[in-house]
Amino acid sequence: MTDAPVPFAPMHISTDAFPVHRRLAMWREIYGRTIAKFDIEPINDTPFRAGVTLRSLPGLGVAAGHRSDSHYRMTRELATKSADNLIFAVVTNGVGIISQRGREATIGVGEALLMSATEPSICTLHSGGRFLTLSVPRDAISPMVVEAGSMLVRPISKHSEALRLLTSYLGIVNEADKLCDPELQRLAVTHIHDLLASALGATQDAAILVEGRGIRSARL
């Protein structure tokens, strides 16, 4: 007996659905504390707005959204409640400033970086911030890259071919309202893992594998 496939159907959450006077409080509780494990602090007096679309597959979580200028803080307490995942964040509009492990990096449109979901961090997004993030199990990616720890909070250029292929592939996959076939799910996750490893710096053996698998498929 096999597990039922997980539908790759989107879940939308938006402050537009909340009472105006409760938007920040409800976003903090529903998205910040329950889903993403962040404390949320606006950085100006602009009326708070945010929205996110979440999708889930075995071995992969995808989030795309927007938010008012704010700090998203993962405290040490919240980090202990997070799964042992790596978070790959891409800025699709605005400017992001990310701090973790005593490092700080600023990334602009089309740039990306890697974070650990189990360590304290601060993510600041401003100037009409929009984002795309991937959450993947650490043990699924670490064996494929030269040194995942050394890549944390290191900006990846928007000119990286692997990063461009990854974001393009995600755009195609995200257009599907559902992706229920378990074989297609497995294939999509494998390709995304391949492209992510390539963007981070794949090992020699993994580079050969992903070139003929995920990268080739994304190019097609």
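Residues numbered from 1 in each chain as written. Predicted model: local features only at pLDDT ≥ 70, side-chain atom pairs only at ≥ 80, totals over all residues. Heavy atoms only, no water.

Concerning the overall build of the chain
A tally of regular secondary structure across the chain gives six helices and nine strands. Taken over C-alpha atoms, the radius of gyration comes to 17 Å for the chain, in line with the 17 Å a tight globule of 220 residues would show. When its C-alpha atoms are laid out on the principal axes, the chain stretches across 50 × 40 × 30 Å. By the burial criterion, 46% of the 220 residues in the chain qualify as buried. Restricting to contacts in the chain with at least 6 residues of sequence separation, those with at least 24 account for 73%. Carbon and sulfur atoms make up 55% of the accessible area of the chain, which amounts to about 11,000 Å² in all. (Helix = DSSP H or I, 4+ residues; strand = E, 2+ residues; numbered from the N terminus. Rg over C-alpha atoms; globule rule 2.2 N^0.38 Å. Buried < 20%, exposed > 50% of the residue type's maximum accessible area, 1.4 Å probe, protein only. Contact = heavy atoms within 4.5 Å. Areas by Shrake-Rupley, 256 points an atom, 1.4 Å probe, with all protein chains shown as cover.)

Digging into the packing of aromatic side chains
By the definition in use, this model includes three aromatic pairs. Here the aromatic cluster, defined as three or more aromatic residues joined through ring pairs, consists of Trp-27, Tyr-31, Phe-38 and Tyr-72. A cation sits over an aromatic face here: Arg-67 above Tyr-72, 3.6 Å from the ring centre. (Phe/Tyr/Trp six-rings, centres within 6.5 Å; stacked < 30°, edge-to-face > 60°. Lys NZ or Arg CZ within 6 Å of the ring centre and 35° of its normal.)

What about the pattern of salt bridges?
Once their charged atoms are close, side chains differing in charge can pair, the charge on each being opposite to the other. Counted according to the given criterion, the structure contains eight salt bridges. When the shortest N-O distance is used, the salt bridge between Arg-73 and Glu-41 registers 3.1 Å. Of this pair, Arg-73 sits in strand β5 (residues 70-74) while Glu-41 sits in strand β2 (residues 39-42), and the two are 32 residues apart along the sequence. With a relative accessible area of 30%, Arg-73 lands in the partly exposed category. (Salt bridge = Lys/Arg side-chain N within 4 Å of Asp/Glu carboxyl O.)

Let's talk about the pairing of strand β6 (residues 85-100)
Here β6 runs beside strand β9 (residues 121-137); their pairing, made up of 14 bridges, is antiparallel. Residue pairing in the sheet places Asn-93 in a bridge with Arg-130 of β9. Judged from the five bridges that link them, β6 and strand β8 (residues 112-116) form a sheet pairing that is antiparallel. Paired with Ala-89 across the two strands is Leu-113, which belongs to β8. In this structure, β6 lies alongside strand β7 (residues 103-107), joined through five bridges in antiparallel fashion. Each residue of the ladder has a partner; that of Ile-98, found in β7, is Ala-105. (Pairing = 2+ DSSP bridges.)

Considering the environment of Glu-147
Here Glu-147 shows up in the loop between α3 (138-141) and α4 (161-174). With a relative accessible area of 46%, Glu-147 lands in the partly exposed category. Sequence separation between Glu-147 and Leu-200 is 53 residues, and the spatial gap between their C-alpha atoms is 8.8 Å.

Some thoughts on helix α1 (residues 23-36)
For α1, with 14 residues, the first-to-last C-alpha span of 17 Å runs short of the 20 Å given by 1.5 Å per residue. Taken residue by residue, α1 has Arg-23, Trp-27, Tyr-31, Gly-32 and Ala-36 as its buried positions. Those residues of α1 that are buried lie in contact with β1 (11-14), β2, β3 (50-57), β5 and β9. Note on α1: the residue one or two positions beyond its end, Lys-37, has a positive phi of about 65°. (Expected span 1.5 Å × (residues − 1).)

Overview of the side chain of Ser-121
Here Ser-121 shows up in strand β9. Those residues in contact with Ser-121 that sit more than four places away from it in its chain are Phe-38, Tyr-72, Arg-73, Met-74, Ser-99, Gln-100 and Met-115.

Structural notes on the confidence of the model for the chain
Confidence in the prediction of the chain, expressed as mean pLDDT, is 89, and 92% of residues score 70 or more. Predicted confidence is poor over residues 1-5, with pLDDT under 50, and the contacts of this stretch with residues over four places away or in other chains come to three contacts. (pLDDT = per-residue confidence, 0-100.)

A look at α4
Here α4 is 14 residues long and its end C-alpha atoms lie 20 Å apart, about the 20 Å a rise of 1.5 Å per residue gives. Within α4, burial applies to Ala-162, Leu-163, Leu-165, Leu-166, Tyr-169, Leu-170 and Val-173. Take α4 and look down its axis: the buried residues cluster within an arc of 160°, on one side only. (Arc of directions from axis to C-beta.)

A closer look at the packing of α4 against helix α5 (residues 182-200)
Close contact between α4 and α5 brings their axes to 8 Å; oriented N to C, the two are set at 155°. Accordingly, the angle class assigned to the pair α4 and α5 is roughly antiparallel. Of the two possible hands of crossing, α4 and α5 adopt the one that is left-handed. The segment α4 lies against α5, with Ala-162, Leu-163, Leu-165, Leu-166, Tyr-169 and Leu-170 engaging Leu-187, Ala-188, His-191, Ile-192, Leu-195, Leu-196, Ser-198 and Ala-199. When the residues that make up the contact of α4 with α5 are grouped by side-chain class, the tally is twelve nonpolar, two polar and no charged. (Axes fitted to C-alpha atoms, helices over the stretch in contact; angles between N-to-C directions. Parallel < 35°, antiparallel > 145°, perpendicular 65-115°, else oblique. Left-handed = near helix turned anticlockwise from the far one by under 90°. Nonpolar A, V, L, I, M, F, W, Y, C, P; charged D, E, K, R; others polar.)

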